[in-house]
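The lines below spell out each chain.
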Amino acid sequence: MIVVTGATGNVGGELVRRLAADGERVTALSRRPASFPEGVRHSAGDLADPATLKDAFDGADALFLLVAGPDPRAVLDAAEAGGIRRVVLLSSQGAGTRPRAYEHPAAFERAVRESGLEWTILRPGGFASNALAWAEPIRAHRTAAAPFADVALPVVDPADLAEVAAVVLRQDGHAGRTYELTGPAPVTPRDRAAAIGQAIGAPVSFAEQSPEQAREQMLRFMPEPVVEGTLAILGTPLAAEQQVSPDVERILGRAPRSFADWAARNAAAFRP
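Residues numbered from 1 in each chain as written. Predicted model: local features only at pLDDT ≥ 70, side-chain atom pairs only at ≥ 80, totals over all residues. Heavy atoms only, no water.

Visitor: Is there a simple way to think about the packing of aromatic side chains in this case?
Guide: How two aromatic rings sit relative to each other is set out by the distance from centre to centre and by the angle between their planes. Under the defined criterion, the tally for this structure stands at 3 aromatic pairs. When the centroid spacing of 6.3 Å and the interplanar angle of 75 degrees are considered together, the rings of Trp134 and Phe206 count as edge-to-face. Placement of Trp134 in the loop between β6 (118-124) and α6 (135-141) and of Phe206 in strand β9 (residues 205-209) is noted, with a sequence separation of 72 residues between them. In this pair, the class of Trp134 matches that of Phe206, namely buried. (Phe/Tyr/Trp six-rings, centres within 6.5 Å; stacked < 30°, edge-to-face > 60°. Helix = DSSP H or I, 4+ residues; strand = E, 2+ residues; numbered from the N terminus. Buried < 20%, exposed > 50% of the residue type's maximum accessible area, 1.4 Å probe, protein only.)

Dropping the structure here:
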């Protein structure tokens, strides 16, 4: 049995569908009920309250873990008590490149490494799906806005993250490894907006925000240290943050999907 936390999210939802399609026994863990593929067991639980996780973990042997909740050690203790022996953590590239700004994922990584469980850490860069923040203005005005219009980063498709996680959860040979997961090439915000325009068959104009405008917007839903770390990555990325990693291709045996691929599959979200 594989437990998938964040089972309604961009990565977790795709992972649940992929595992179920492959005939795996899956428990989808989320705070609220949702629609899952036939045969998938849902368990209500919250990583912020490890006492709610017993039902999901009992009898399972592998765990896909998000960075969520204040006490990763308590979550991992509950997982081990339930019989889980393998954990795959979805962390963040920033935990390696900017650990002071990304203290939360860095703390989860430390806890996983010290847990005594068989562990693998996935460190994605920016998600292609972050472009869904543009969905409403593109639907209404065919306009996208972001800071640092011409700074390119190799954003990764969440579908690739789910596919990598599905492999690592089920195959041996990945224990004790940390994988950096990126797309196939750096792409700028301006180019991402153009790719969405191509996907929907209508031009999308791009407006460059100032860092201050972006900071104000991001502070509505992100802690300040994460906002500052994210703006630093977006505006003055380190070489490691702009580098294309070979890890997706090594694990999947194919090149990672491009942002244009992601935009084409998600074009409906941007159409009126």
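Visitor: What is the right way to read the nonpolar core from this model?
Guide: Across soluble globular proteins, nonpolar side chains have a tendency to be buried as a group. Core analysis: the biggest nonpolar cluster contains 30 residues, and Val4, Leu15 and Phe64 have the highest contact counts within it. Residue assignment for this core shows that the elements contributing at least two residues are β1 (2-5), α1 (10-21), β2 (26-30), β4 (62-66), β5 (86-90), α7 (158-170), β8 (177-181) and α12 (247-252). When residues in this core are grouped by element, the largest group, 8 residues, is from α7. Ignoring anything within four residues of it in the chain, the contact list for Phe64 reads Val3, Val4, Thr5, Val11, Gly12, Leu15, Val88, Leu90, Ala165 and Leu169. (Core = buried A, V, L, I, M, F, W, Y, C linked by side-chain atoms within 4.5 Å. Contact = heavy atoms within 4.5 Å.)

Visitor: Would you explain the side chain of Gln209 in this entry?
Guide: Among the secondary structure elements, Gln209 is positioned in strand β9. Overall, the relative accessible area of 15% leaves Gln209 in the buried class. Dropping the residues within four chain positions of it, Gln209 is found in contact with Ala145, Ala146, Pro147, Phe148, Ala214 and Gln217.

Visitor: Even after reading the chapter, I still don't get the packing of helix α3 (residues 72-82) against helix α5 (residues 103-113), so can you show me in this structure?
Guide: Relative orientation and spacing of two packed helices are given, respectively, by the angle between their axes and the distance between those axes. Viewed as axis vectors pointing N to C, α3 and α5 meet at an angle of 35 degrees, and their least axial separation amounts to 9 Å. As α3 runs across α5, the sense of the crossing is right-handed. Note on element contacts: α5 touches α3 through Ala107, Phe108, Ala111 and Val112, opposite Pro72, Arg73 and Leu76. Here the contact of α3 with α5 is composed, by residue class, of 6 nonpolar, no polar and 1 charged. (Axes fitted to C-alpha atoms, helices over the stretch in contact; angles between N-to-C directions. Left-handed = near helix turned anticlockwise from the far one by under 90°. Nonpolar A, V, L, I, M, F, W, Y, C, P; charged D, E, K, R; others polar.)

Visitor: Sorry, what's going on with the side chain of Ser245 here?
Guide: Topologically, Ser245 is positioned in the loop between α11 (239-242) and α12. Among the polar contacts listed, one links the side chain of Ser245 to the backbone nitrogen of Asp247, at a separation of 3.1 Å. In this structure Ser245 touches Glu180 and Thr182, once residues within four positions along its chain are discounted. (Polar contact = N/O pair within 3.5 Å; in protein donor to acceptor, adjacent residues only side chain to side chain.)

Visitor: How do you make sense of the packing of α1 against α7 when you look at a structure like this?
Guide: Closest axis-to-axis distance for the α1/α7 pair is 8 Å, and the angle between their directions is 55 degrees. Here α7 runs oblique to α1, going by the angle between their axes. Remark: the crossing between α1 and α7 carries right-handed chirality. On α7, the residues touching Asn10, Val11, Glu14, Leu15, Arg18 and Leu19 of α1 are Pro158, Ala159, Leu161, Ala162, Glu163, Ala165, Ala166, Leu169 and Arg170. Tallied by class, residues from the contact of α1 with α7 come to 10 nonpolar, 1 polar and 4 charged. (Parallel < 35°, antiparallel > 145°, perpendicular 65-115°, else oblique.)

Visitor: Would you explain helix α8 (residues 189-200) in this entry?
Guide: The periodicity of an α-helix, 3.6 residues per turn, causes residues three or four positions apart to be oriented the same way. Between its terminal C-alpha atoms α8 stretches 17 Å, which fits the 16 Å expected from 12 residues at 1.5 Å a residue. All of the buried residues along α8 are Pro189, Arg192, Ala193, Ala195, Ile196, Gly197 and Ile200. If you follow the buried residues of α8, they end up packed against α6, β7 (143-147), β9 and α13 (259-265). A positive backbone phi angle near 75 degrees is found at Gly201, which sits one or two residues after α8. (Expected span 1.5 Å × (residues − 1).)

Visitor: Before we go on, may I ask you to explain the sheet that holds β5 in this structure?
Guide: In any sheet, the strands associate via hydrogen bonds between backbone groups, in a parallel or an antiparallel arrangement. Taken together, 7 strands build an open sheet; the order of strands is β3-β2-β1-β4-β5-β6-β8 and the sheet is parallel. Either end of the sheet is taken by a strand with one partner, and the two such strands are β3 (41-44) and β8. In this sheet, neighbouring strand axes are inclined to one another by 20 degrees on average, regardless of whether the strands run parallel or antiparallel. Sheet topology places β2 next to β3; 4 bridges connect them, and they run parallel. For Thr27, the partnering residue across the bridge sits in β3 and is Arg41. Against the sheet, α1 contacts β1, β2, β4 and β5, and its axis sits at roughly 155 degrees relative to β1. In this fold α5 packs onto β4, β5, β6 and β8, with an angle of close to 160 degrees to the strand it touches most, β6. (Pairing = 2+ DSSP bridges.)

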